[in-house]
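# Remarks on the overall topology
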Amino acid sequence: MTDVGGDVLGGAVGAPSLRLGRSRLYLRRFARNRGALVGVVILVLLIGYAAIGTVFTPWSWSDQDFLALTQEPSRLHPLGTNQGGNDMLAQTVHGLQRSLVIALSVSVLTLLIAVVVGAGAAYLGGRVERMTLMVIHFLLVVPSFLILALVSNQVAGDWRVLIVVLTLFGWMFTARVVWSVSTSLRERDYVLAAELMGVSSWRIVVRHIIPHLGALLIVNFTLGVVTTVLSETSLSFLGFGVKTPDVSLGSLLADGAGTISSAPWLFASPAALLVLLTVSMTLIGDGLRDALDPTSTAGGRG
Amino acid sequence: MTGALLSVRDLHVTFPSERGPVEAVRGVSFDIHRGRTLALVGESGSGKSATAMAAVGLLPPNAKITGEVSLDGRELLGLSDRQWSGVRGKRIGVVFQDPLSALTPILSIGRQLADAVRVHTDLSKKQAWTRAVELLDLVGIADPATRAQEFPHQFSGGMRQRVVIALAIANDPDLIIADEPTTALDVTVQAQILDVLEVAKAETGAGVLLITHDLGVVAGHADDVAVMYAGRIVERAPVKRLYRAPAMPYTLGLIGSVPDPHATHRRPLVPIDGEPPSPLDRPPGCPFAPRCPLVVDACRAAEPELIPIEDEHTVACIRAEDVVGQRPDEVFEGALAAPARAVDAEPVLRVRGLGKTFPITKGTIARRQVGTLHAVSDVSFEIGPGETFCLVGESGSGKTTTLLEILRLRPPETGTVEVLGRDLATTPAREIATELRRAVQLVMQDPQAALDPRLPVFDLLAEPMRAAGFEAAAIRTRVTELLDLVGLPPDSLDRFPAAFSGGQRQRLAIARGLATKPRLLALDEPVSALDVSVQASVLNLLAHLKNELGLVLLVVAHDLAVVRHIADRIAVMYLGHVIETGPAEQLFAAPRHPYTQALLSAVPIPDPERERARRRIVLSGEQPSAAALPAGCVFADRCQLRPTLSEELQNRCRTQRPALRDPDEVSGVSEVSGVDVACHAVNPPSDLTRAASGKEGRP
Amino acid sequence: MFRYVVRKAVGWLVMIIVATNATYFLASWFLDPRSNYRDLRPVRTDEQISNALAPYGLDPRTSVLSRWWHWLTDVVTRFDWGHSPTGVPVNSELPHRILVSGQLILVGVVLSVVLGVALGVYTASRQYGAVDRVTQTLSVVLYNVPTVVSALGLVLVAISLNQHLGFTFLHVAGANTAGGVDGFWPNVLDRLNHLILPTVNLTLTGYVSWHLTQRALLLDALNADYVRTARATGLTRAQAIRRHALRASLIPTATSIAFTIPAVLTGAIITETVFGWEGMGRYFIQTINKNDVHGAVAVAAFGAVMTAIGAILADIATVALDPRVRVS
């Protein structure tokens, strides 16, 4: 009876009244988190903006309106224009698309690498495990952003290459998390029980390990999107990421930075979109973590 | 009553929770007097810990507390944290349950004790340190001056609990609250700690509030007992009166469901049906009514008041008069019958010289082996058809490792394992997988951990059958059979483990173990994770299944009382060795090995008169690590017999490891008992006997 | 204890060496110094270009290994970090840039840790209070603001503030006023003024993770059984937290300092770019744009050294906080 509250509530957890389906239970817990719902709404709006934002303007992102260079937001150009006469609304729509595609693909890819490396190291154990961990630790403390810039500057400009580069230098942290969770899963009683009942290894991995990693992976995916957006922004801002003529939110920020006092609207709209994107993903990630974690008590305080 | 040290009146504690407020304590009143011990007995969720923590103001801040708690007439509820801090540690000392987490890991033991002293006195640091060393000495820690400088992780569990007691008595408190002080400890260590608590009580003259679920501990150490159920005290009496004439069916059932390892014959064990109610949906009326065999309609109408039925004996039961004088098995039905005796035949499992070691490694990159942990050394036993065999030992004795080594169904590191007459080393892996695997199944200790929380019951039950290659149709019918077999409702199939109570989950785990119709069912501590009142019904289920299905049970347990109840034969393990083995009846009636004697003696008897009258053997120290096995007898360092032995024999104990032999064979007694003991003192080697007698003969 | 720190420090030294050399090969692979000469008029042949690069140890006709060996010998024997493709010695760029970046990073990290940990401790002991909720929300938002956005936002605020006040209250560009200020104290003040905004930016983006992790760690420690034991001996809640929980919860924080330095470096690069500081961050961008292999490697080495310094400080802090390390 280390925890007085837990002692009393111990009986409550086992009460047979809890008969909701699991997915409905998760959904209910998620929906109770107000922040997460706000996040979902923002994200849906952002995706909608990226998908159909162009209907609000006749201009395409690469069109140049030479009659309106560096103009404030107006009826013709709702978000203004830049030095080249590009319509900012069209530009931000395109930039958001780019940033979203890059962020989503990098998150998926880093997650794949992280699962293979992390779970593999945990499963194989022994020397392989120790060497992998050493490499991960090394890469974690090496100023990887410098190397990222070094590599991407020469090969990038193309957003597809940027995806590859960001993936190559972005998997370590998640891999470490996956590894530590997998090692604890490997030690679970029900895994041992299944082993002793003669259940085959791959069945144990599929039935007992991956479903438990699932929640972790979903949460890490959303947080990975945030990290990637931030890295991509930094790289593009410094001129090592997406380059003209292509645009991303980061390169738009870089463009706007130079004229921040004379034409603040060039900076404001991509900055706002960026922050909305990362905040919404973080809120969703937090909400998912609380909803999927069976030990979480966060639901009780709202 | 006047002059009480601690007086609690109508205490209520309510916690907020996700599903509404939880009333943990509902109107509890009691008094504690100086120099006396009140035991608060109850199962998990009964509100006993919440009551104790309310009395020291250590409940979480979100708890709502009403009522009165006064110490020497001074009201404590409503004190500010600062005012409380003048009471805690000075007037009231607390001993917590889990010594592993109760001490700050980054401060030395001496520093923690000295700090505790200095909170309430203006001693200098140096004086406080001296006092800390004295306290360590008082609670029986050898070489206290040196050990005071060490950190908690350098102390064993029992040693840490001694330190926690030292902390509690550092400022000579008037009241000691001990919250499950021995629950996390091994039984031989528990005996030591209970003695230390008695010393602490004598030293301080304090009153003691003892929180426990163990009726054996209560019998030996309490003066008065209050039984709690569902947040209320349901019965209160002086300890002898309570055990002799319980007036509440719950108390009666509780006493009847505790196995007694010292009983001369196996007494039937009564099960209490069902489980304690959830604090969120308590039934109206008496909370015990749904489980009570004597229930009448009036019980369900209103919750009975606590009323006196005799001097100092109060009870909250409208049928108290009908309960007093009854035996547990007269009131509760379905008492456990003694299991059928073993029949001589081909053994189902034969283990010969089983050994298992683990390397101890150091370094992260270039891992080098710095030692070997001898988890299991030279273990041999046989289990015949229809038999229940128990491996008994304290933590670290290698009993669970032995079990797992057998269940892996792989050729062991050393020795041989034969299952159904087939040697694992020579049987092809395919045959093991298809034939032997389904014949040997396992039930683990903690059903909550052993059942994957993400799988519904159907999949959980089907998993071992799928692994054994059962047909899908056969699985479907078998699954319903299984639920019926262990007494779970048939609509459980699409529920998840979280929807079941602890006892139901263990039934589920047993059903899972039975899925493939095994010959041998291995159980690792099958009831130790369960509440006392639930344990009996699970033990009964096991006995029933064994008789019904002709199962062979291999049980690993630390609780001798439980073992006493189900075992036909027993092997006692210490530090990876079997030190005594034999039929359960004989082993309990006349233990031969000094460790077995000590182990049995350490188990408290749930009967105050016998418990206080008997002489107990209290071992010193704790089971050492198996990293460095002594050359001689593994038990020699703690052996209570050794100081009484001749010098030659003592020397022999230190240098030569005793073999497991039948002592009566050696001493030439014709009747063979079937007991084997590994002890030089019980089995004096013939040459030494001769030498000893020769020496005596000389002038 | 001393041996523990030394052993760790040796490990970090090895890390610096490996990382720096690995960067050399990466940079040699990805950066082509010849491109600096290609746009020059009159047009030069590849051979001419290579000849021009040869004195700087950048001649692409010699093997990477021999160039590396040369470079390494120079670094080890004379601490000469080589030349840029146009012949500017790297060593001439380093000292003042290291000073500029060093002060920014040092002050930024110290302020982030102090502010973050203090906030974490304060809010954890008042969980779900008003301050906790407000700072928690603020931190979550700040966590999601890219360094670029926060830096530019600060610039905007400062400019409007300056306009409002009618004089330059806060400098938004450079490490000091161009042309310098007369007198020692005015000069110091001038430098400090320039330091304000970049430091604020690094702190704002850096403190968040400290706040959130320290809060979580202390909350865990607050619920630990040993805190309850300490309170049972007669300490008030605040005393028990201070004497028992706080120190234990600081240990993982101290250990994690090393892992945050790379993020701080990234933040510093962007901060220097936005505020126009001629530090190592700007230098790195220039070296990459100018295909300056040696310069880029020097920056990487600087980064590795900063990480190692952070890590060694972390180790020392761990030893100071956790006496168990000393015993074992």
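Residues numbered from 1 in each chain as written. Chains lettered and ligands numbered in written order. Predicted model: local features only at pLDDT ≥ 70, side-chain atom pairs only at ≥ 80, totals over all residues. Heavy atoms only, no water.

As annotated in an unreviewed UniProt entry, chain C carries the name Peptide/nickel transport system permease protein and is attributed to Labedaea rhizosphaerae. Entered under Sequence similarities (unreviewed entry) in the UniProt record, the comment concerning chain C runs "Belongs to the binding-protein-dependent transport system permease family." Its UniProt record gives chain C a comment under Subcellular location (unreviewed entry), which states: "Cell membrane". (UniProt positions renumbered as here; feature names shortened; annotations may be inferred.)

Per an unreviewed UniProt entry, chain B goes by the name Peptide/nickel transport system ATP-binding protein and belongs to Labedaea rhizosphaerae.

Counting secondary structure elements, chain B contains 27 helices and 23 strands. Its C-alpha radius of gyration of 27 Å places chain B within 12% of the 27 Å reference for a compact globule of 699 residues. In terms of principal-axis extent, the alpha carbons of chain B reach across some 75 × 75 × 60 Å. When each of the 699 residues of chain B is scored for burial, the buried share is 57%. (Helix = DSSP H or I, 4+ residues; strand = E, 2+ residues; numbered from the N terminus. Rg over C-alpha atoms; globule rule 2.2 N^0.38 Å. Buried < 20%, exposed > 50% of the residue type's maximum accessible area, 1.4 Å probe, protein only.)

The extent of an interface is frequently quoted as the accessible surface area lost upon association of the parts. The interface of chain C with chain B comprises 22 residues on the first partner and 27 residues on the second. Contact between chain C and chain B buries roughly 2200 Å² in total, counting both sides, with carbon and sulfur atoms accounting for 61%. Counting the contacts that link chain C with chain B gives one salt bridge. As a salt-bridge pair, Asp81 of chain B and Arg231 of chain C come within 3.3 Å of each other at their nearest N and O atoms. Joining chain C to chain B, the criterion identifies nine residue pairs in polar contact (both at pLDDT 80 or more). Every element with two or more residues in the side of chain C that touches chain B is listed here: helix 9 (225-232), helix 10 (237-255) and helix 14 (323-327) of chain C. Ranked by residues supplied to the side of chain C that touches chain B, first place goes to helix 10 of chain C with seven residues. (Contact = heavy atoms within 4.5 Å. Buried area = accessible area lost by both parts, 1.4 Å probe. Salt bridge = Lys/Arg side-chain N within 4 Å of Asp/Glu carboxyl O. Polar contact = N/O pair within 3.5 Å; in protein donor to acceptor, adjacent residues only side chain to side chain.)

Moving on, we come to the sheet that holds strand 16 (residues 414-419) of chain B. All names here are of chain B. Taken in spatial order, the four strands make up an open sheet running 14-13-16-17, and their pairing is antiparallel. The outermost strands of the open sheet, each flanked by one partner alone, are strand 14 (368-383) and strand 17 (422-423). Here strand 13 (residues 349-362) runs beside strand 14; their pairing, made up of 11 bridges, is antiparallel. Within strand 14, the position partnered with Arg350 by the bridge is Glu382. (Pairing = 2+ DSSP bridges.)

Moving on to the nonpolar core. By size, the foremost hydrophobic cluster in this structure holds 146 residues, and its most contacted members are Leu96 of chain A together with Leu218 of chain C. The element contributing the most residues to this core is helix 13 (residues 293-321) of chain C, with 14 residues. Look past the residues within four positions of Leu96 of chain A in its chain and what remains in contact with it is Leu46, Tyr49, Ala50, Leu249, Leu273 and Leu277 of chain A. Counting residues in each nonpolar core, the second largest holds 116 residues, with Ala116, Val164, Ala200 and Met228 of chain B among its members. (Core = buried A, V, L, I, M, F, W, Y, C linked by side-chain atoms within 4.5 Å.)

Where like charges cluster on the molecular surface, the positive patch consists of Lys362 and Arg368 of chain B together with Arg3, Arg7 and Lys8 of chain C. The leading source of residues in the positive patch is helix 1 (residues 2-30) of chain C, at three residues. Along the chain, Lys362 of chain B turns up in strand 13. (Patch = residues over 30% accessible without salt bridge, like charges linked within 9 Å, V, L, I, M, F, W, Y side chains within 5 Å. Areas by Shrake-Rupley, 256 points an atom, 1.4 Å probe, with all protein chains shown as cover. Lys, Arg positive; Asp, Glu negative; His and termini not counted. Charge placed at Lys NZ, Arg CZ, Asp CG, Glu CD.)

Secondary-structure assignment places His244 of chain C in helix 10. Among the polar contacts listed, one links the side chain of His244 of chain C to the side chain of Thr104 of chain B, at a separation of 2.6 Å. Discounting chain neighbours no more than four positions away, the residues touching His244 of chain C are Thr104 and Leu107 of chain B together with Tyr226, Ala230, Leu235 and Gln239 of chain C.

So, about the pattern of salt bridges. All names here are of chain B. With the rule as written, the count across this model stands at 45 salt bridges over all chains. Residue Arg569 is joined to Glu387 by a salt bridge in which the shortest nitrogen-to-oxygen separation is 2.6 Å. In this pair, Arg569 is assigned in strand 21 (residues 569-574) and Glu387 in the loop between strand 14 and strand 15 (388-392), connecting sequence segments 182 residues apart. Owing to a relative accessible area of 6%, Glu387 belongs among the buried residues under this scheme. Here Lys399 ties to Glu525 by a salt bridge, and the two come within 3.9 Å at their closest N and O atoms.

Here we take up the domain arrangement of chain B. All names here are of chain B. In terms of domains, chain B is made up of domain 1 (6-222), domain 2 (237-259 + 267-331), domain 3 (349-567) and domain 4 (586-692). One C-alpha centre belongs to domain 1, the other to domain 4, and the line joining them spans 36 Å. Between domain 1 and domain 4, the residue contacts involve 19 residues of the former and 18 residues of the latter. Carbon and sulfur atoms make up 55% of the surface buried where domain 1 meets domain 4, a total of about 1300 Å² over both sides. Broken down residue by residue, the surface that domain 1 buries against domain 4 is led by Thr188, Gln192 and Ala219, which jointly contribute 37%. Across the salt bridge formed by Asp195 and Arg616, the nearest N and O atoms sit 2.8 Å from each other. (Domains from an automatic or database assignment.)

Let us now look at the sheet that holds strand 6 (residues 92-95) of chain B. All names here are of chain B. An order of 6-7-8-3-9-10-12-11 is seen for the eight strands of this open sheet, with the pairing classed as mixed. Since the sheet does not close on itself, it has two edges, and those belong to strand 6 and strand 11 (307-310), each with one partner. Going across the sheet, the axis of each strand differs from the next one's by a mean of 20 degrees, ignoring polarity. Of the strand pairs in this sheet, strand 3 (residues 37-41) and strand 8 (residues 207-212) are connected by five bridges, and their pairing is parallel. Looking at strand 8, one finds that Thr37 is bridged to Val208. Those strands touched by helix 1 (residues 48-55) are strand 3, strand 6, strand 7 (175-179), strand 8 and strand 9 (224-229), and its axis lies near 150 degrees from that of strand 8. (Axes fitted to C-alpha atoms, helices over the stretch in contact; angles between N-to-C directions.)

Let us look at the packing of aromatic side chains. Under the criterion given, the structure shown has 15 aromatic pairs over all chains. With a centroid separation of 5.6 Å and 85 degrees between ring planes, the pair formed by Phe79 of chain C and Trp81 of chain C is classed as edge-to-face. Note on Phe79 of chain C: relative accessible area 53%, which makes it exposed. Residue Trp81 of chain C is classed as buried on the basis of its relative accessible area of 11%. In this structure an aromatic cluster arises from ring pairing among Tyr24, Phe25, Trp68, Trp69, Trp71, Phe79 and Trp81 of chain C. It is Arg495 of chain B that lies over the ring of Phe500 of chain B; its NZ or CZ is 5.3 Å from the centre. The side chain of Arg126 of chain C reaches across the aromatic face of Tyr122 of chain C, ending 4.0 Å from its centre. (Phe/Tyr/Trp six-rings, centres within 6.5 Å; stacked < 30°, edge-to-face > 60°. Lys NZ or Arg CZ within 6 Å of the ring centre and 35° of its normal.)

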